[in-house]
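These are the residues of each chain, in order.
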Amino acid sequence: MSLKKGIIGVDLGATNINSLLMSEDGEVLARDFRPSLGYQGKEKVLSQIFSSIKTLQKEGKKSGVSSFLGIGVGSPGPLSVSKGIIYHSPNIPGWENVPLVDILQKEFNLAVFLENDANAAALGEWWRGAGKGINYLFLLTLGTGIGGGIIIDGNVYHGAWDVGAELGHMVIKEGGMSCGCGARGCLEAYASATGVVKRTISAIKHNHKTIITRLIQNDLNNLTCELVFKAAKQGDELALWIVEETGRYLGIGVGSLINILNPQIVILAGGMIKAGDILLKQVKKYAMLNSLKASREKVEIVPAKLGENSGAIGAVATVLKRKGII
Ligand SMILES: [Zn+2]
């Protein structure tokens with residue numbers, strides 16, 4: 001058996017933990033996927049993380065991994081990358097100021113690095129995905145919320161207090177829809193999956209005719225963003241209008257970011273990109289309408305390539321980056 005070095009990347013989500021064991025050159029050697037069990041509290045989540053890592057260590061030994069370079073963790077914020085502390089998680093009772101890096105270092109005696117989940121996804125796509133070989137990019141994760149990650153000159157941009165790149169909380173409409181962050185008019189309030197559902201419900205309540213009412217059996221609780229996109233693909237007028245509007249809001253945000261950052265590419269990730277071209281086309285159209293000629297001319301707006309593994313691959317990349325290997 002060869003002497004392979006392994007790196008473990010953990011994508012810690014509110015619902016699931018997705019972990020990968022990879023080699024230095026980016027080969028996936030093993031995967032572990034399990035529920036986070038956040039509702040059972042902090043200790044349970046920690047034991048799920050431990051079990052996930054231990055499973056990958058065992059798998060690694062079977063496939064010829066002789067040593068582990070470290071563990072990377074991508075997690076929702078707010079968190080401190082430099083202190084290795086996750087300050088708070090709304091979905092895990094008792095998850096306050098958790099020194100996760102210290103905890104994992106003590107348990108596994110390995111180098112441990114923490115990164116914000118959307119930053120990790122951006123770094124993952126930069127290392128192995130849609131952003132390979134590209135030094136200036138930003139990524140939006142379009143899901144329940146909207147996360148952001150910025151890569152500048154091949155490095156993750158963290159800001160002064162590690163809380164930068166919160167691209168979803170860019171205000172696109174003064175005094176607009178209320179956002180989970182407490183403010184109004186954020187991009188996330190309009191263009192996240194949650195925002196899409198809210199806007200669709202409001203349109204249905206205003207008696208717009210749509211096949212969606214049949215798809216949800218007249219129960220608005222059944223409405224999901226996925227269903228809206230499905231109805232749009234079937235040519236439903238209201239759904240098509242909602243998709244265009246979503247693309248317009250995203251395009252306003254993306255266009256401004258293109259002006260500010262002058263990226264080579266913009267990557268769209270997260271569950272909403274399953275909608276495919278129907279959404280991407282609109283985002284491209286409105287991003288072009290809302291950016292300056294000099295910066296928009298050569299920019300490409302593309303879907304992420306790594307799917308649900310971008311966070312875990314990014315967590316592995318975080319280890320390699322902080323160790324100066326990539
Ligand atoms: Zn907000």
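Preceding this section is the structure that the text describes.
Residues numbered from 1 in each chain as written. Predicted model: local features only at pLDDT ≥ 70, side-chain atom pairs only at ≥ 80, totals over all residues. Heavy atoms only, no water.

Enquirer: What's the story with helix 1 (residues 42-62) in this structure? I'm lost.
Expert: A turn of α-helix holds 3.6 residues, and therefore any two residues three or four places apart point the same way. Spanning 21 residues, helix 1 covers 31 Å between terminal C-alpha atoms, matching the ideal 30 Å at 1.5 Å per step. Turning to helix 1, its buried residues number three or more, namely V45, L46, Q48, I49, F50, S52, I53, L56, Q57 and G60. Each element contacted by the buried residues of helix 1 is listed here: strand 1 (4-12), strand 2 (16-23), strand 3 (28-35), strand 4 (65-75) and helix 2 (100-108). After helix 1 finishes, the residue G64 shows a positive phi value of roughly 90°. (Helix = DSSP H or I, 4+ residues; strand = E, 2+ residues; numbered from the N terminus. Expected span 1.5 Å × (residues − 1). Buried < 20%, exposed > 50% of the residue type's maximum accessible area, 1.4 Å probe, protein only. Contact = heavy atoms within 4.5 Å.)

Enquirer: It is not clear to me how the sheet that holds strand 11 (residues 155-156) should be interpreted in this structure. Could you clarify?
Expert: In a beta sheet, neighbouring strands pair by backbone hydrogen bonds and run either parallel or antiparallel. Judged by pairing direction, the sheet is mixed, and its five strands sit side by side in the order 11-10-9-12-13 without closing on themselves. Of all the strands in the sheet, just strand 11 and strand 13 (300-303) have a single pairing partner and so form its edges. In this sheet, strand 11 lies alongside strand 10 (residues 146-152) in antiparallel orientation, the contact comprising two bridges. Bridging from a neighbouring strand, I151 pairs with V156 of strand 11. Strands in contact with helix 8 (residues 237-261) are strand 9 (136-142), strand 10, strand 12 (265-269) and strand 13; relative to strand 9, the strand with the most contacts, it is inclined by about 160°. (Pairing = 2+ DSSP bridges. Axes fitted to C-alpha atoms, helices over the stretch in contact; angles between N-to-C directions.)

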